[in-house]
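# Structure at a glance
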Amino acid sequence: MKYLLNNQETERLLFRKIEKSDFNDWLEFYKNPNSSLHWVSELDSPEIECEKWYEKQFYRYKNNLGGMNVLIEKTSGRLIGHCGLLVQNVDAISQLEIGYSILPEFWNNGFASEAAKKCRDFAFENNLSNSIISIISLTNTPSEKVAIKNGMCVDKVTEYGRNKVNVFRIEKADWQ
C-alpha cells in the first residue's frame, strides 16, 4: 500500500482510501455519457461498470499495485473524484501512472490538476519511481491539459486497452 496517499491533503482536497460506501456517489460518473467519451470500450450498465471499477481498485489495494484515492472537497465534505498512483503495464513495461477522474459536475475547477500534482510530489518525495506517466486518449484534451500542468510531456504514442493514447511522462530529475 506504499502507493496510496491515504490521509494526505492539498489546499482544497483530502485523500483517503476508497470504501464500499462510496459506490453511490461514484455511480454518477458512470451515468454521465461524457465520462467515457474519450475511451473506446464496450460498456455495461452504469451500475455494473461502477462495480467493476471498484473491484479493480480493491484488487490493486490487495496486490500492492497502487490504486485510486477518493478526493473529498474540504469545504463541502463531498466526494468529487478519484486520483492515485497506479502500477501499469504499457508496451510490456511496468510503470507508475498518475490516474485521475473527476465527477462531471466538478470539471473545470482545477481539482484534477491539484490532485495530480500531489500524487507526483508524493511519488518523487518517497522515491517510488524515477519517472511517472499519465496514459491519455488522443482525443482527451482536458486530461492532456492536466498532464501538462503537472510538468509532463508526451513521451510516445501507443495503443493501450484498444485505444490510441499519448503517454505523458515526467522524470524525477526534471521535477521542481
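In this report, the structure presented in the accompanying data block is examined. (Residues numbered from 1 in each chain as written. Predicted model: local features only at pLDDT ≥ 70, side-chain atom pairs only at ≥ 80, totals over all residues. Heavy atoms only, no water.)

### Quick look at the packing of aromatic side chains
For any pair of aromatic rings, the description rests on two quantities: the centre-to-centre distance and the angle between the ring planes. Considering all chains together, one arrives at nine aromatic pairs under this definition. Considering the side-chain rings of Tyr 54 and Phe 58, the 6.2 Å spacing of their centres and the 55° angle between planes classify their relative orientation as tilted. Here Tyr 54 pairs with Phe 58, and both are found in helix α2 (residues 46-62), just four residues apart, close to one helical turn. Taking relative accessible area as the criterion, Tyr 54 reaches 4% and is therefore assigned buried. (Phe/Tyr/Trp six-rings, centres within 6.5 Å; stacked < 30°, edge-to-face > 60°. Helix = DSSP H or I, 4+ residues; strand = E, 2+ residues; numbered from the N terminus. Buried < 20%, exposed > 50% of the residue type's maximum accessible area, 1.4 Å probe, protein only.)

### Here's the deal with the nonpolar core
Core analysis: the largest hydrophobic core is formed by 46 residues, its most contacted members being Trp 26, Leu 71, Leu 85, Ile 98 and Tyr 100. At eight residues, the largest contribution of residues to this core is made by helix α3 (residues 111-125). Once residues lying within four places of it in the same chain are set aside, the contact partners of Tyr 100 are Met 68, His 82, Cys 83, Ala 112, Ala 116, Ser 134, Ile 136, Ser 143, Val 146 and Ala 147. Counting six residues, the second largest nonpolar core, distinct from the first, contains Ile 133, Ile 135, Tyr 160 and Val 167. (Core = buried A, V, L, I, M, F, W, Y, C linked by side-chain atoms within 4.5 Å. Contact = heavy atoms within 4.5 Å.)

### Structural notes on unusual backbone geometry
Phi is positive for Asp 91, close to 50°, though the residue is something other than glycine. Relative accessible area serves as the criterion here: at 39%, Asp 91 is assigned to the partly exposed category. Phi angles above zero are rare outside glycine, and Arg 162 is one such case at about 65°. Note on placement: Arg 162 falls in the loop between β6 (153-160) and β7 (163-171).

### With respect to the pairing of strand β5 (residues 131-137)
Extensive coverage of β5 is indicated by the burial of seven of its seven residues. Side-chain alternation along β5 places Ser 131, Ile 133, Ile 135 and Ser 137 on one buried face and Ile 132, Ser 134 and Ile 136 on a second face that is also buried. By the bridge criterion, seven bridges tie β5 to β7 in an arrangement that is antiparallel. Within β7, the position partnered with Ser 134 by the bridge is Phe 168. (Pairing = 2+ DSSP bridges.)

### Quick word on the pattern of salt bridges
Tallied over the full model, the rule gives ten salt bridges. Close ionic contact of Glu 49 with Lys 52 constitutes a salt bridge, the shortest N to O distance being 3.0 Å. With Glu 49 and Lys 52 both in helix α2, this residue pair falls three residues apart, about one helical turn. For Lys 52, a relative accessible area of 38% puts it in the partly exposed group. The closest approach of N and O atoms between Asp 155 and Arg 169, which form a salt bridge, is 3.2 Å. Taken together, the residues span a long stretch of sequence, with Asp 155 in strand β6 and Arg 169 in strand β7 at a distance of 14 residues. Judged by its relative accessible area of 42%, Asp 155 is partly exposed. Here Arg 169 falls in the buried class, since its relative accessible area comes to 16%. Members of the salt-bridge network, linked through shared partners, are Arg 16, Glu 19 and Asp 22. (Salt bridge = Lys/Arg side-chain N within 4 Å of Asp/Glu carboxyl O.)

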